[in-house]
Amino acid sequence: MLSLFSPTAWIRAADQARKGPYVAGAQTTRPWLRLLLFILLAAAFMVAAVVGLGALSALAHVSGWIDLQMFDGGFNAATLADESIFLATIATALFTIAICLLLAAMIVYQRGAGAFLWPQPRGGFGLFVIGFAVMFVIALALWPVMTWLEPGGTAPVLDPADPLNDRLLYAGAAAGGLLVAAAAEEIMFRGALLRITGGLTRSLILILLVNGVLFSAIHLDPDPVAFVARAASGMVWAWAALRLGTLAFAVGAHLANNLFIALLLAPISLAAMPGQPMAPEGLAIQAVTLIVVLIAVELLAHRRSGGS
């Protein structure tokens with residue numbers, strides 16, 4: 001067995017990633033023409049979805065259910081109930097976009113959903129649980145450092161100012177809404193985008209960079225430190241999909257990351273607000289987190305390949 005930390009092991013891992021379904025299995029004829037068709041079809045689906053969601057949002061606003069400011073960054077959740085509505089709305093919007101992209105990719109590339117989401121489906125639920133556990137345990141271990149770097153208020157689920165029932169309902173809404181949101185973002189970036197870029201180039205560095213940069217850019221956060229942190233996360237989760245042949249681990253890790261923030265740091269409507277400065281030291285925390293995640297992914301990949 002090769003040492004996990006040896007250059008030879010990582011070279012071999014990269015070679016296996018290139019031979020996997022998201023790269024070798026994504027090769028197709030006229031890839032650039034297909035990319036153009038995908039963009040056009042996805043745009044058409046998304047326009048239709050935006051019109052539908054816009055009409056639904058307008059009706060909800062008239063009925064007093066939803067504050068439309070949540071779509072332009074001006075929404076401020078005054079209560080945990082407001083935050084639950086925010087999470088449900090964002091999850092619905094993200095999942096709708098993800099389905100639009102996935103359907104467009106399936107039509108243009110003539111592949112079933114599994115080719116984008118779980119081309120190697122073995123052990124998917126287990127990988128989801130492991131991804132969640134690894135990321136959440138790391139976050140818990142680094143929690144004191146995070147609160148020291150960026151001190152804030154009391155954790156939402158621990159704040160005695162809110163009734164226990166409200167906090168429990170919020171925790172449930174956060175778990176459900178953030179699961180849908182995490183799955184949606186993984187479908188978009190580590191599913192459709194990853195396989196599409198794998199059909200355009202065999203350069204893992206380029207594939208990972210495109211995935212990470214676009215994933216970070218979609219959050220519309222101008223803070224450079226936050227941009228780099230998100231891009232790094234996107235690259236590592238893309239590597240997990242490449243090595244494990246499924247989105248399951250990345251969905252679990254993504255959910256754990258967001259759920260930890262929502263429950264123990266700050267409501268997502270506040271934490272995800274663009275333009276908030278992130279301490280440069282936060283990159284060190286991110287580096288430690290992602291190194292541990294990479295090690296976990298490689299251990300899992302080695303086990304899935306039979307220890308070869």
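Below is a short write-up of the structure. (Residues numbered from 1 in each chain as written. Predicted model: local features only at pLDDT ≥ 70, side-chain atom pairs only at ≥ 80, totals over all residues. Heavy atoms only, no water.)

Once that is clear, we can look at the overall build of the chain. When its secondary structure is counted, the chain shows 11 helices and zero strands. Helices (α) and strands (β) of the chain occur, in sequence order from the N terminus, as α-α-α-α-α-α-α-α-α-α-α. Per-residue burial over the chain gives 44% buried out of 308 residues. A separation of at least 24 residues holds for 79% of the contacts in the chain among residues at least 6 apart in sequence. Working note: accessible area of the chain is about 14,900 Å², and carbon and sulfur atoms make up 73% of it. (Helix = DSSP H or I, 4+ residues; strand = E, 2+ residues; numbered from the N terminus. Buried < 20%, exposed > 50% of the residue type's maximum accessible area, 1.4 Å probe, protein only. Contact = heavy atoms within 4.5 Å. Areas by Shrake-Rupley, 256 points an atom, 1.4 Å probe, with all protein chains shown as cover.)

A few words on the pattern of salt bridges. Applying the stated criterion across every chain, the model contains four salt bridges. Two residues, Asp-221 and Arg-230, come together in a salt bridge whose shortest N-O distance is 3.1 Å. Neither residue differs from the other here; Asp-221 and Arg-230 are each classed as buried. (Salt bridge = Lys/Arg side-chain N within 4 Å of Asp/Glu carboxyl O.)

At a closest axis distance of 8 Å, the pairing of helix H8 (residues 224-244) and helix H9 (residues 248-265) adopts a crossing angle of 155 degrees. With respect to H9, the element H8 is oriented roughly antiparallel. In this structure, H8 contributes Trp-237, Ala-240 and Leu-244 to the contact, and H9 contributes Phe-249, Ala-250, Ala-253 and His-254. Its residues assigned to classes, the contact of H8 with H9 shows six nonpolar, one polar and no charged. (Axes fitted to C-alpha atoms, helices over the stretch in contact; angles between N-to-C directions. Parallel < 35°, antiparallel > 145°, perpendicular 65-115°, else oblique. Nonpolar A, V, L, I, M, F, W, Y, C, P; charged D, E, K, R; others polar.)

Attention shifts here to the nonpolar core. Core analysis: the largest hydrophobic core is formed by 80 residues, its most contacted members being Phe-38, Trp-239, Leu-242 and Phe-249. Tallying contributions element by element places helix H6 (residues 164-198) first for this core, with 14 residues. Sequence-distant contacts of Trp-239, defined by excluding residues within four places in its chain, comprise Trp-10, Ala-13, Ala-14, Ala-17, Leu-204, Leu-208, Leu-294, Val-297 and Glu-298. (Core = buried A, V, L, I, M, F, W, Y, C linked by side-chain atoms within 4.5 Å.)

Here helix H11 (residues 282-304) is 23 residues long and its end C-alpha atoms lie 33 Å apart, about the 33 Å a rise of 1.5 Å per residue gives. If you check which residues of H11 are buried, you get Gly-282, Ile-285, Gln-286, Thr-289, Leu-290, Val-293, Ala-296, Val-297, Glu-298, Leu-300, Ala-301 and Arg-304. Summarising the contacts, the buried residues of H11 are in contact with helix H1 (7-18), helix H5 (124-149), H8 and H9. (Expected span 1.5 Å × (residues − 1).)

Relative orientation of the contacting elements H8 and H11 amounts to 5 degrees, with a least axis distance of 9 Å. Relative to H11, the element H8 lies roughly parallel. Contact residues: H8 offers Val-225, Val-228, Ala-229, Ala-232, Ser-233, Val-236, Trp-239, Ala-240, Arg-243 and Leu-244, while H11 offers Leu-283, Gln-286, Leu-290, Val-293, Leu-294, Val-297, Glu-298, Leu-300, Ala-301 and Arg-304. When its residues are assigned to classes, the contact of H8 with H11 shows 15 nonpolar, two polar and three charged.

Turning our eyes to something else, we now look at the packing of aromatic side chains. The tally for this structure, following the rule as stated, stands at seven aromatic pairs. Ring geometry for Trp-10 against Trp-239: centres 6.4 Å apart, planes inclined by 40 degrees, an arrangement best described as tilted. Taken together, the residues Trp-10 in helix H1 and Trp-239 in helix H8 connect sequence positions 229 residues apart. Its relative accessible area of 9% is what places Trp-239 among the buried residues. Counting every residue linked through ring pairs, the aromatic cluster contains Phe-132, Phe-136, Trp-143 and Phe-260. Taking NZ or CZ as reference, Arg-190 lies 4.4 Å from the ring centre of Phe-215, over its face. (Phe/Tyr/Trp six-rings, centres within 6.5 Å; stacked < 30°, edge-to-face > 60°. Lys NZ or Arg CZ within 6 Å of the ring centre and 35° of its normal.)

Among the surface-exposed residues, Leu-33, Leu-36, Leu-37 and Leu-40 lie close enough to one another that they form a single nonpolar patch of about 360 Å² accessible area. Among the secondary structure elements, Leu-33 is positioned in helix H2 (residues 31-62). (Patch = residues over 30% accessible without salt bridge, like charges linked within 9 Å, V, L, I, M, F, W, Y side chains within 5 Å.)

Let us look at the side chain of Glu-185. Along the chain, the position of Glu-185 falls in helix H6. Buried charge without a partner: Glu-185 forms no salt bridge, and the closest opposite charge is Arg-190, 5.6 Å away. Discounting chain neighbours no more than four positions away, the residues touching Glu-185 are Leu-94, Arg-190, Phe-215, His-219 and His-254. (Lys, Arg positive; Asp, Glu negative; His and termini not counted.)

Moving on to H5. For H5, which comprises 26 residues, the first-to-last C-alpha distance of 36 Å matches the rise-based estimate of 38 Å (1.5 Å per residue) to within 8%. For H5, the principal kink sits at Leu-142 and spans about 55 degrees; a proline, Pro-144, occurs within the next four residues. Buried within H5 we find Gly-124, Leu-127, Gly-131, Val-134, Met-135, Phe-136, Ile-138, Ala-139, Leu-142 and Met-146. Those residues of H5 that are buried lie in contact with H8, H9 and H11. (Bend = angle between axes of the 7 residues up to and from the residue.)

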